[in-house]
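Commentary on secondary and tertiary structure
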Amino acid sequence: MSIALYRKYRPATFGEVRGQEHVTDPLRQALRSGRINHAYLFSGPRGCGKTTSARILARSLNCAEGPTPDPCGTCDSCVSLAPDGGGSIDVIEIDAASHGGVDDARDLRERAFFSPVNSRYKIYIIDEAHMVTREGFNALLKLVEEPPPHLKFVFATTEPEKVIGTIRSRTHHYPFRLIPPSTLKELMEDLLKEEEVTYDPAALPLVVRAGAGSARDTLSVLDQLIAGSDEGGITREGAVSLLGYTDSSLLGEMVDALGARDGAAAFGLVDRVVEGGHDPRRFTTDLLERFRDLVVLSAVPDAIDKGLVNVSPESVDQMKEQAARLGPAELSRAAEVLNQGLTEMRGATAPRLLLELLCSRILLPATDGDQGVALLARLEQMERRVASGAIAPQASAPAPAPAAPAPVRQPSPPQPAAPASQAAPPQQPARTEAPEPAPRQAPRPSQPASRNEPSGWDAPAPAPAEPRPAAPASGGPLDLGRLQGAWHQVMEAVKGRRRFTWMMLHGGDVQPVGVEGNTVLLGFSKPNEAKGFTTSGSDQVVAGAIQQVLGAEVRVAPAGVGGPPAPPRRPEPAPRPAEPSGWDAPPVRNEPAPVQARPEPAPEPERPAGPPPERLLSDRPEPPPDPYEDAAAAPPPEDHGPPAPVRNAGPGNGRPEESAPREERPANAPAPRPASAGAASAGPSPSGGSGNGGGGVSLIETELGGKLIEEIEHEPSEGF
């Protein structure tokens with residue numbers, strides 16, 4: 001019966017420990033000088049020699065010639081503590097995974113004070129110390145802090161951060177590391193010679209890769225390969241099939257397919273991997289390892305000689321050719337995509353689908369989120385195709401490139417035109433990227449005609465300024481081309497200063513359309529927007545933004561109103577639409593409104609004094625106008641008093657007092673109805689109130705706007 005290699009070849013002294021010289025050398029020096037601490041903490045990955053080093057330390061402390069860095073190996077303590085020894089009663093090894101409670105710690109504390117049986121020190125090796133509970137550590141705290149002279153502690157753990165700080169601070173901490181691949185390879189070669197097993201040198205890198213830096217794991221894999229090998233010994237093919245690695249030829253074919261942008265070959269290889277029973281995750285890992293080797297080869301041509309890349313000899317030439325053909329940018333991008341995909345594959349239910357998506361991303365650089373890396377990969381591919389002759393460079397192609405931006409960068413010559421509507425056609429061929437300002441300026445001359453409000457209701461808008469020749473763009477501090485090129489930055493500055501102004505410019509897609517001296521003209525599509533832009537103070541905000549971005553002090557105005565205004569002219573109002581006939585009280589006065597507004601306001605009984613119907617703020621219908629609404633046409637207030645005493649007067653007193661003030665009716669007032677006139681001119685009524693009847697009718701008509709339909713006379717009762 002054979003013993004496992006990691007047990008058979010376990011180191012017996014610090015000199016036999018491989019790859020941990022940063023730990024063994026200080027320990028040997030401490031043993032040599034006699035400066036031995038009462039507690040040690042060994043931490044590091046699994047299988048790197050923590051427990052083995054703890055046993056060697058105990059052997060060195062209890063050696064008959066010790067404490068010594070090199071145990072004699074012949075005394076009773078050294079023999080009992082040898083790798084194949086039976087153990088010592090004074091060296092207690094505790095597995096904290098199953099004995100980490102507070103009761104176990106109390107039991108250890110009670111037995112720790114007893115002196116050793118036949119050794120110099122009583123040594124406790126607590127393996128997997130991170131599994132000890134907090135209560136257990138607290139129970140050991142006083143013992144670890146002040147142990148008896150014969151007591152030593154060695155804690156071994158893979159997670160030192162889980163050991164409480166009060167324990168960790170009372171120990172000497174030695175961190176172990178993963179063993180380098182070259183050291184593991186030398187260790188395996190020595191063991192294979194000791195075991196007299198033939199092997200293929202190309203198989204050892206696979207074993208080292210499977211061991212992942214752990215000596216115990218590496219020796220376990222090697223032991224498995226030795227057990228499964230025949231008379232031919234360990235071969236690379238046997239290691240690939242047993243360890244589940246992807247064949248090197250399959251990886252080479254996949255790299256060639258991805259480099260040639262051959263999607264059919266790439267997806268065919270994915271199908272071969274899945275149909276062959278290989279794990280897509282393992283294949284992705286191996287492919288990522290291959291791209292890593294290619295990246296190193298592209299940067300370091302002699303990486304194989306330096307040991308930076310461990311591959312089979314038959315794959316060296318193929319990998320060098322692939323590294324030179326693909327280029328570092330494409331190789332690094334493919335490795336990055338595979339690395340991200342490998343993270344996404346953890347726990348995925350459809351790993352084949354993810355593998356196919358990774359291949360599609362590598363085949364199409366434009367689908368990558370990082371456009372800079374994708375662009376660099378495409379440029380390298382284009383350079384390789386041009387260098388190989390697949391694409392012939394055209395000599396005439398670069399010629400139009402510098403001439404193309406010329407008309408776009410010089411939009412200023414069309415500016416010295418007269419009106420905005422005439423300046424629009426020259427700007428159209430010059431500004432091919434932003435043709436919006438031209439159509440916006442076209443409806444400018446028709447603005448006054450579209451206003452159907454009466455004159456005097458709103459302040460008249462200033463007329464467009466007379467055209468002036470614009471200053472040359474090259475001679476002034478600011479030109480239109482420079483302003484249009486930096487308009488996006490100006491808009492961002494406006495947004496930071498005043499969001500209302502930014503919304504007005506952004507919503508109307510306002511662009512600069514001209515520069516006249518130190519005045520920047522902006523094109524608005526609606527007259528109201530241009531008016532609101534100026535009245536709201538937004539022009540100063542835009543001017544400040546232009547000064548912030550371009551460093552030029554300018555004025556900002558809507559197109560057509562910038563610069564010194566011409567003498568204002570009152571615009572010709574459009575004909576007023578016909579109003580409903582029911583709005584005017586006298587049906588006979590239906591003449592249309594005059595075209596030209598009168599210089600002084602005069603009362604017009606047939607037209608309401610308020611705003612036109614289209615400017616009403618309420619949807620409620622307007623009542624019929626009072627023909628005597630004007631103060632000049634209404635009777636004087638002081639004449640309203642006499643009718644009250646006339647009621648009790650005689651028949652002859654009422655009519656003279658009533659008729660005098662009522663004859664002061666304006667000329668344009670409507671005449672009373674004939675019925676009321678007849679009633680007023682008749683003799684005194686039998687009731688004595690007819691003298692007041694004419695005055696009452698006129699009062700109703702003048703003050704209340706009523707009309708007399710019929711007058712009914714009645715005899716007064718005898719009691720009055």
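Everything here concerns the structure above.
A short tour of the structure in this document, coming up. (Residues numbered from 1 in each chain as written. Predicted model: local features only at pLDDT ≥ 70, side-chain atom pairs only at ≥ 80, totals over all residues. Heavy atoms only, no water.)

Moving on: the pattern of salt bridges. Side chains bearing opposite charge may pair, as long as their charged atoms lie close to each other. A full pass over the atoms with the stated rule returns 19 salt bridges. The residue Glu-253 makes a salt bridge to Arg-272 at a minimum N-O spacing of 3.0 Å. Taken together, the residues Glu-253 in helix H12 (residues 248–259) and Arg-272 in helix H13 (residues 263–275) connect sequence positions 19 residues apart. Given the relative accessible area of 46%, Arg-272 is considered partly exposed. Its salt-bridge partner being Arg-281, residue Asp-279 comes within 3.8 Å of it at the nearest N-O pair. What makes Arg-281 partly exposed here is its relative accessible area of 27%. What you see here is one network of salt bridges that share partners, running through Asp-256, Glu-321 and Arg-325. (Salt bridge = Lys/Arg side-chain N within 4 Å of Asp/Glu carboxyl O. Helix = DSSP H or I, 4+ residues; strand = E, 2+ residues; numbered from the N terminus. Buried < 20%, exposed > 50% of the residue type's maximum accessible area, 1.4 Å probe, protein only.)

This part covers the packing of aromatic side chains. Throughout the structure, instances matching the rule amount to seven aromatic pairs. When the ring of Phe-524 is compared with that of Phe-533, the centres are 5.1 Å apart and the planes differ by 50°; the resulting orientation is tilted. Assessed through its relative accessible area of 1%, Phe-524 is described here as buried. Here the aromatic residues Tyr-40, Phe-42, Tyr-174 and Phe-176 are joined through ring pairs into a cluster of three or more. Across from the ring centre of Trp-502, 4.7 Å away, lies the NZ or CZ of Lys-495, which sits over that ring. (Phe/Tyr/Trp six-rings, centres within 6.5 Å; stacked < 30°, edge-to-face > 60°. Lys NZ or Arg CZ within 6 Å of the ring centre and 35° of its normal.)

Take the sheet that holds strand E2 (residues 91–95) next. If you trace the five strands from one edge of the open sheet to the other, you get E2-E3-E4-E1-E5, paired in parallel fashion. Each end of this open sheet is capped by a strand with a single partner; those strands are E2 and strand E5 (172–175). Geometrically, the sheet is characterised by an average inter-axis angle of 15° between neighbouring strands, direction not taken into account. In this sheet, strand E4 (residues 151–157) lies alongside strand E1 (residues 39–43) in parallel orientation, the contact comprising five bridges. From the neighbouring strand, Leu-41 faces E4, where its bridge partner is Phe-155. Against the sheet, helix H6 (residues 134–145) engages E1, strand E3 (122–127) and E4, with an angle of about 130° to E4. (Pairing = 2+ DSSP bridges. Axes fitted to C-alpha atoms, helices over the stretch in contact; angles between N-to-C directions. Contact = heavy atoms within 4.5 Å.)

Where burial is concerned, most of E4 is hidden: seven out of the seven residues are buried. Of the two faces of E4, the one lined by Leu-151, Phe-153, Phe-155 and Thr-157 and the one lined by Lys-152, Val-154 and Ala-156 are each fully buried. Here E3 pairs with E4 via six bridges, running parallel. Bridging from a neighbouring strand, Ile-123 pairs with Lys-152 of E4. Handedness of the crossover joining E3 and E4 through H6 is recorded here as right-handed. (Right-handed = clockwise from strand over helix to strand, strands pointing away.)

Take Phe-176: it is sitting in the loop between E5 and helix H8 (181–195). Linking Phe-176 and His-22, residues 154 residues apart in sequence, is a C-alpha distance of 8.2 Å. Excluding its chain neighbours within four sequence positions, the residues that come into contact with Phe-176 are Gln-20, His-22, Val-23, Phe-42, Ser-43, Gly-44, Pro-45, Cys-48, Gly-49, Lys-50 and Ser-53.

Among the secondary structure elements, Thr-52 is positioned in helix H3 (residues 50–62). Once you skip the residues sitting within four places of it in the chain, Thr-52 turns out to touch Arg-10 and Pro-11.

To continue, consider empty space enclosed by the protein. Taken as a whole, this structure holds two cavities of 30 Å³ or more when the rule is applied. In this model, the second largest cavity occupies a volume close to 40 Å³. Taken together, Val-255, Leu-258, Gly-259, Arg-261, Phe-291, Leu-326, Glu-330, Leu-331, Ala-334 and Ile-362 form the lining of the second largest cavity. Looking at the lining of the second largest cavity, the elements with two or more residues in it are H12 and helix H17 (328–344). Among the residues forming the lining of the second largest cavity, the class breakdown is seven nonpolar, one polar and two charged. (1 Å grid on protein atoms, 1.4 Å probe; cavity = no way out; pocket = protein on both sides within 12 Å on 5 of 7 lines; lining within 4 Å. Points joined across faces, edges and corners; volume = space filled by probe spheres on them. Nonpolar A, V, L, I, M, F, W, Y, C, P; charged D, E, K, R; others polar.)

Our focus in this paragraph is unusual backbone geometry. Outside of glycine, negative phi angles account for most residues, and trans bonds account for most peptide bonds. If you check the backbone angles, Glu-128 has positive phi at about 55° while not being a glycine. Relative to the helices and strands, Glu-128 resides in the loop between E3 and H6. The class of Glu-128 is partly exposed, set by a relative accessible area of 27%. At Arg-261, a position not held by glycine, the phi torsion is positive, near 55°.

The values are spatial; any link to function lies outside them.
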